[in-house]
Amino acid sequence: MFIIVDERDLVTNGYACRFGQEGIASTGFRPGQFRDWVATAVEGDVQAIEAFLIGECPEREEIPRLIRRRSQAPVIAMNDAPSLEQTLGLFSAGVDDVVRKPVHVREILARVHAIRRRAEARQDWATVGGIQVFFNGGDPIVNGDVLPLPRRERRILEYLLVNRGRRLTKSQIFNAVYGLFDDDVEENVIESHISKLRKKLRARLGYDPIDSQRFLGYLLVSPSLDDADREDMRAVG
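Residue indices begin from 1 for each chain and proceed along its sequence in written order. Only residues with pLDDT of at least 70 are given local features in this predicted model, and only at 80 or more are side-chain atom pairs given and counted; all residues enter the totals for whole chains, interfaces and linings. Hydrogens and water are ignored here; the side-chain numbers use all heavy atoms of the structure.

Caption draft 1: Local environment of the sheet that holds strand E9 (residues 145–146). In space, the four strands of this open sheet follow the order E6-E7-E8-E9, with antiparallel pairing throughout. Of all the strands in the sheet, the pair left with one neighbour each is strand E6 (125–128) and E9. Two strands pair when backbone bridges link them, and strand E8 (residues 141–142) and E9 are joined in this way by two bridges, in the antiparallel orientation. Residue pairing for E9: Ile 141 is matched across the bridge by Val 146. Two strands pair if DSSP finds at least two bridges between them. The numbering of helices and of strands both runs from the N terminus, where a helix is a DSSP run of H or I of at least 4 residues and a strand a run of E of at least 2.

Okay, here's the thing in structure tokens:
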């Protein structure tokens, strides 16, 4: 889910439509509405946000400060015209990137993925349940033993773990693994890769760590979660 903040409905509706064409869920807020939402939203809803886009709005530098109190998701500001002073102020306020409009949603997605890759690089590894994933290209350790994986399956596992607690659509995984501009690969190959990955992980763990919901996507789960917790995660994912 992407959040777009702009005082002009034409902008928020336009970008929401373009994200939809790329298979990415999004919603738009006017600045006042967003301030109310980010202050009162439940934790699960906030953590389900993949990135925030900030367009034109009053006291714009306050928006990323509000976001950073609740979320570490990428924040990208969109400027209508170049302004060094404005750009520096936005970076000081906590945005991760500044782009000049018009900007294609595929470029925005590519920038979000680049921000996430840099964040992953700062952390060498992460774990969930009996799975330890390394962000330096190494194979994961599952229940104490190395599990050799093809590059695509390894990248899918990394992306699921980085986004644990968030349900990911096939399109999101496809964009992260194959790149946004690779038109020679069908999205359906993601299903094949995930099916093979699930089978290998299930054999090692004794349970299926990737919850699949038709039309909703995939969620990395841990055996430590009880059924109620998983249902809550499905609801916010």
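The structure having been displayed, the exposition proceeds.
Caption draft 2: The arrangement of the pattern of salt bridges in detail. Salt bridges are counted wherever a side-chain nitrogen of Lys or Arg sits within 4 Å of a carboxyl oxygen of Asp or Glu. Taken as a whole, this structure holds 16 salt bridges when the rule is applied. One salt bridge in this structure joins Lys 101 and Asp 80, with 3.4 Å as the shortest N-O distance. Of the two residues, Lys 101 is situated in the loop between strand E5 (97–100) and helix H6 (105–121) and Asp 80 in the loop between strand E4 (75–79) and helix H5 (84–93); the sequence distance between them amounts to 21 residues. What makes Asp 80 partly exposed here is its relative accessible area of 33%. Put simply, Asp 6, Arg 8, Asp 80 and Lys 101 are held in one network by salt bridges that share partners. We call a residue buried when its accessible area falls under 20% of the maximum for its residue type, exposed when it is over 50%, and partly exposed in between, using a 1.4 Å probe and counting protein chains only.

Caption draft 3: The packing of aromatic side chains, seen in detail. Aromatic rings from Phe, Tyr and Trp, with only the six-membered ring used for Trp, were paired whenever their centres fell within 6.5 Å, and each pair was classed as stacked if the ring planes differed by under 30 degrees, edge-to-face if by over 60, and tilted otherwise. This structure, assessed with the given rule, holds five aromatic pairs. With centroids separated by 5.9 Å and ring planes inclined at 65 degrees, the aromatic side chains of Phe 29 and Phe 34 adopt a geometry described as edge-to-face. This pair shows no difference in class: Phe 29 is buried, exactly as Phe 34 is. Through a chain of ring-to-ring contacts, three or more aromatic side chains come together here, namely Phe 29, Phe 34, Trp 37 and Phe 52.

Caption draft 4: Summary view of the sheet that holds strand E2 (residues 26–29). The strand order E2-E1-E3-E4-E5 describes an open sheet built from five strands, whose pairing is parallel. Edge strands, defined here as strands with exactly one partner in the open sheet, are E2 and E5. Direction aside, neighbouring strands of the sheet carry axes that sit 20 degrees apart on average. Bridge count for E4 against E5 is four bridges, and the pairing is parallel. Lines are fitted to the C-alpha atoms to define the axes, a helix being fitted only along its stretch in contact, and any angle between axes, read from their N-to-C directions, falls within 0 to 180 degrees.

Caption draft 5: Expanded view of the environment of Arg 60. Tracing the sequence through the fold places Arg 60 in the loop between strand E3 (51–54) and helix H4 (62–68). In the structure, Arg 60 is positioned 33 residues away from Ala 93 in sequence and 9.2 Å away in space, judged by C-alpha atoms. Each polar contact in these results corresponds to two N or O atoms within 3.5 Å; when the atoms are within protein, one needs to be able to donate a hydrogen and the other to accept it, and residues that are neighboring in sequence are counted only if both atoms are side-chain atoms. Here Gly 55 takes part through its backbone oxygen, which lies 3.2 Å from a polar atom of the side chain of Arg 60.

Caption draft 6: Broad picture of the nonpolar core. Ranked by size, the top nonpolar core spans 28 residues in total, and within it Ile 131, Ile 156, Leu 157, Leu 160, Ile 173, Leu 201 and Ile 210 carry the most contacts. Counting only elements with at least two residues in this core, the list comes to E6, strand E7 (131–134), helix H7 (151–162), helix H8 (170–178), helix H9 (188–205) and strand E11 (217–220). Contacts were defined at the residue level, with two residues in contact if any of their heavy atoms lie within 4.5 Å. Setting aside residues up to four positions removed in sequence, Ile 156 forms contacts with Ile 173, Val 177, Ile 190, His 193, Ile 194 and Leu 197. Counting 21 residues, the second largest nonpolar core, distinct from the first, contains Val 46, Phe 52, Ile 67 and Ala 73. Buried Ala, Val, Leu, Ile, Met, Phe, Trp, Tyr and Cys residues that are joined via side-chain atoms within 4.5 Å together make up what is termed a nonpolar core.

Caption draft 7: Region of the structure containing the packing of H8 against H9. Interaxial distance between H8 and H9 falls to 9 Å at its minimum, and their mutual angle equals 85 degrees. By the angle between their axes, H8 is roughly perpendicular relative to H9. Contacts between H8 and H9 involve Lys 170, Ile 173, Phe 174 and Tyr 178 from the first element and Asn 188, Val 189, Ile 190, Glu 191, His 193 and Ile 194 from the second. Grouping the amino acids of the contact of H8 with H9 by side-chain chemistry returns six nonpolar, two polar and two charged. Roughly parallel refers to an angle under 35 degrees, roughly antiparallel to one over 145, roughly perpendicular to one between 65 and 115, and oblique to any angle outside these ranges. Put simply, Ala, Val, Leu, Ile, Met, Phe, Trp, Tyr, Cys and Pro go in the nonpolar bin, Asp, Glu, Lys and Arg in the charged bin, and everything else, Gly too, in the polar bin.

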